[in-house]
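Fold and contact review
Single-letter residue listing:
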Amino acid sequence: MATASRSRSKIKATTGEPQAFQAEVAKILKLMVHSVYSDRDVFLRELVSNSSDALDKLRYESIASPELLEGEPDLSITITPDREKKTLTITDSGIGMSADELASNLGTIARSGTEAYMKGAKDYGATDAPDLIGQFGVGFYSAFMVADRVEVFSRPAGTRTAHVWRSDGLGTFTVDKAEPGHRGTRIVLHLKEDALDYLDDWKIEAIVRNYSDHIVHPIRLAGEGEARQINSGSAIWMRGKAEVTAEQHKEFFDSLAHTAGPPALTIHYRAEGRQEYSVLLYVPGEKPFDLYDPERKGKQRLYVRRVFIADDAQLLPPYLRFVRGVIDSADMPLNLSREMLQNNPDVA
């Protein structure tokens, strides 16, 4: 069993010597839950993004070690609401975590397992490591916005040993052995009384379609009836320009602008170099009714590695606010909650 350490009530000063900052863990977790995110819905985006990273890691590792797939090549994410138990479960068939990884990745605030994985791949000399989403190591704790208790069951690929991490988000956690189940990770959220609406199928589907619709792995909802896929799993802007037909452009433009007419101009390209990003923009064929409204905001949707961040990122000059479309970048500097851009020369 592992338990988070509590900070000391008093710190003795050591003249002239460097001293480490101390932290009240419970207070930091409370700040994480109540101050970082402005919308509770994003907890599902963060957990689905973590699951997507776990699937990408396994897909990458299985190239050299096919036995890690254990004869089960299905890489997917399943969301299961349970009204009777008041739990929401997010399950992936990804790389999984050992006891030490559970304690390290989930028991250390602001430590990103994904960041450590990418650094390790880079140090090893890998040039084809997957593009992963996680970067700050705080997204997991958004679960405590809607849950008063969280359990994480995990079995690493290629092993038969499973462990469970448990915490109430008040400063401590435990790691214990668990019954080995399916490969990957299962996150069980014991929802607060004011968060039971997240057990509604329609709400889960709406959040996934808004934030995670273009993640390449299938996201299935195991609600009422048979489990069904609720994300499209494809991002039209990530495909080659020659691969997208005019009809597909029209359909995507309609979904953005809610208009029946085709776009007057389509701009589709990928920029590579110091900054890498994909762009798919449309100039409407019809004049928007609020074209001359000075308060009208831009309508360009910002994604980071196919995960939705904002629909009014203001990446184009104000006089081009009538342009609709998507900009997807892995390099955009975001704030901690990943809800807005930071002012930065790269953005300009």
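Please refer to the structure higher up on the page.
Residues numbered from 1 in each chain as written. Predicted model: local features only at pLDDT ≥ 70, side-chain atom pairs only at ≥ 80, totals over all residues. Heavy atoms only, no water.

1. Thoughts on the packing of aromatic side chains
Convention followed: What counts as a ring pair is set by centres within 6.5 Å for rings of Phe, Tyr and Trp (its six-membered ring), and what kind of pair is set by the plane angle: stacked under 30 degrees, edge-to-face over 60, tilted for all other angles. Accessible area is worked out with a 1.4 Å probe on protein chains only. A residue is then buried under 20% of its type maximum, exposed over 50%, and partly exposed in between. Two conditions define a charge located above a ring, namely a distance within 6 Å from the ring centre to NZ of Lys or CZ of Arg, and an angle within 35 degrees of the ring normal.
Counted according to the given criterion, the structure contains ten aromatic pairs. Centre to centre, the rings of W165 and F173 are 5.8 Å apart; their planes meet at 25°, and the pair counts as stacked. With a relative accessible area of 2%, W165 lands in the buried category. Relative accessible area serves as the criterion here: at 9%, F173 is assigned to the buried category. On the numbers, 5.7 Å between centres and 65° between planes, the contact of Y303 with F308 is edge-to-face. For F308, a relative accessible area of 5% corresponds to the buried category. Site record: aromatic cluster; members linked through ring pairs are Y211, W237, F252, F253, Y282, Y303 and F308. Here the guanidinium or amino end of R186 rests over the ring plane of F153, the centre of that ring lying 4.2 Å away.

2. So, the environment of A227
Here is the rule: Put simply, DSSP H or I for four residues or longer makes a helix, DSSP E for two residues or longer makes a strand, and each gets a number counted from the N terminus. Here, two residues are considered to be in contact whenever any of their heavy atoms come within 4.5 Å of each other.
With respect to the helices and strands, A227 occurs in the loop between strand 7 (219-221) and strand 8 (228-229). Ignoring anything within four residues of it in the chain, the contact list for A227 reads L221 and A222.

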